[in-house]
Amino acid sequence: MDVYLNGEYMPMEEARIPVLDRGFMFGDGVYEVIPVYARRPFRMRDHLQRLQHSLDGIRLPNPHSVEEWEAILETMIAPLSLDDHYLYLHITRGVARRDHPFPNPPVPPTVFVMSSPLTHPSAEQVTQGVACITVQDNRWLRCDIKAISLLPNVLMRQASVDAGCGEAILIRDDSFLTEGSASNIFLVKDGVLLAPPKDHLMLPGITYDVMLELAASHGIPSQIRKIMKEELFSADELLLTSSTREVMAITSVDGRPIGNGKPGPIFEQLYGLYQTFKREVMRK
Ligand code: PDD
């Protein structure tokens, strides 16, 4: 069965939700994306913890305990091939007459889970890196919530596509870096991996944590601090990370080359470590 919807497993074609669902009406919900390597979910507990943080952030009670979530996700994973996949979890405030305040009394939330094949960055993207543009981060002030209302992210990501680029780098208040439209951003300067702080202005990425752990355990110095826009252009390397894109080198920003315009040594090391980790820990 393809998908999980409100307690049932069914083919995708049979999954239906009413048009008055508050996810459809208001974008009133949260989501998660969990990689699955060889039928093993990657950092499931961390993703479920972040889901809880997102639900708390929108004041929606978690419909399931961690154990219930694990059982649902294991059922979704069981029929998958050994190829890489990801699970997409989506919870909305449920179906009610259209009115902005929360339904009172509350209605059951809508809970949806699907799996999809994970398409990896192409060989060319790995060896050449990706070009990016900077855009103004015009989102709200709770970007730590993984909200399904992604209109600003969609528009920013499309602006990068329109410019022939692979990602939009978001700059807050015309001054400092927050993240990418659907990724976290790292900077390398003089051998140090720099990352913006996990605060309310960015999504606390699970891959972000993995990168910092891999750096710490392999002698790459790192520092967490605010990164100013102009630092991007004098960086030795820039990296982007996400569950679906893993780690990629950013080799130009707004048409200006980063470093020598090629993926750098820290990218190559972290990319290699991530692949080894997947092969040896996840696919064993
Ligand atoms: N997005 N920042 C934003 C705004 C994101 O949407 C994502 C991931 C990340 C990286 O988080 P993680 O490493 O936990 O995937 C950062 C997912 C992949 C998506 O929306 O499809």
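The rules behind each value
- Residues numbered from 1 in each chain as written.
- Predicted model: local features only at pLDDT ≥ 70, side-chain atom pairs only at ≥ 80, totals over all residues.
- Heavy atoms only, no water.
- Near = heavy atom within 4 Å.
- Polar contact = N/O pair within 3.5 Å; in protein donor to acceptor, adjacent residues only side chain to side chain.
- Areas by Shrake-Rupley, 256 points an atom, 1.4 Å probe, with all protein chains shown as cover.
- Helix = DSSP H or I, 4+ residues; strand = E, 2+ residues; numbered from the N terminus.
- Domains from an automatic or database assignment.
- Contact = heavy atoms within 4.5 Å.
- Buried area = accessible area lost by both parts, 1.4 Å probe.
- Salt bridge = Lys/Arg side-chain N within 4 Å of Asp/Glu carboxyl O.

All right, on to the site of the ligand then. Not every one of the 19 residues close to the ligand is listed here, only the nearest: Tyr-31, Arg-50, Glu-179, Thr-207 and Ser-243. Taking Ser-183, its main chain carries an N or O atom lying 3.5 Å from a nitrogen atom of the ligand. At a separation of 2.7 Å, an oxygen atom of the ligand approaches a polar side-chain atom of Ser-243. A total of 480 Å² of accessible area belongs to the ligand in isolation, and the protein chains cover 89% of it. At the level of elements, strand 3 (29-37), strand 9 (176-180), helix 6 (206-217) and strand 13 (237-242) are the ones that each hand at least two residues to the shell around the ligand.

Okay, the domain arrangement of the chain next. Domain annotation for the chain reports domain 1 (3-117) and domain 2 (123-282). Distance from the C-alpha centre of domain 1 to the C-alpha centre of domain 2: 26 Å. Contact residues are listed per partner, giving 27 residues for domain 1 and 22 residues for domain 2. Of the roughly 2000 Å² buried between domain 1 and domain 2, counting both surfaces, carbon and sulfur atoms make up 63%. Across the domain 1-domain 2 interface, the total number found is two salt bridges. The salt bridge involving Arg-43 is made with Glu-213; its shortest N-O contact spans 2.8 Å. Summed over the shared surface of domain 1 and domain 2, the number is nine residue pairs in polar contact (both at pLDDT 80 or more). Of all elements in the fold, only strand 3, strand 4 (40-41), helix 2 (44-57) and strand 5 (85-92) reach the threshold of two or more residues within the side of domain 1 that touches domain 2. Considering each element in turn, the side of domain 1 that touches domain 2 owes the most residues, seven residues, to strand 3.

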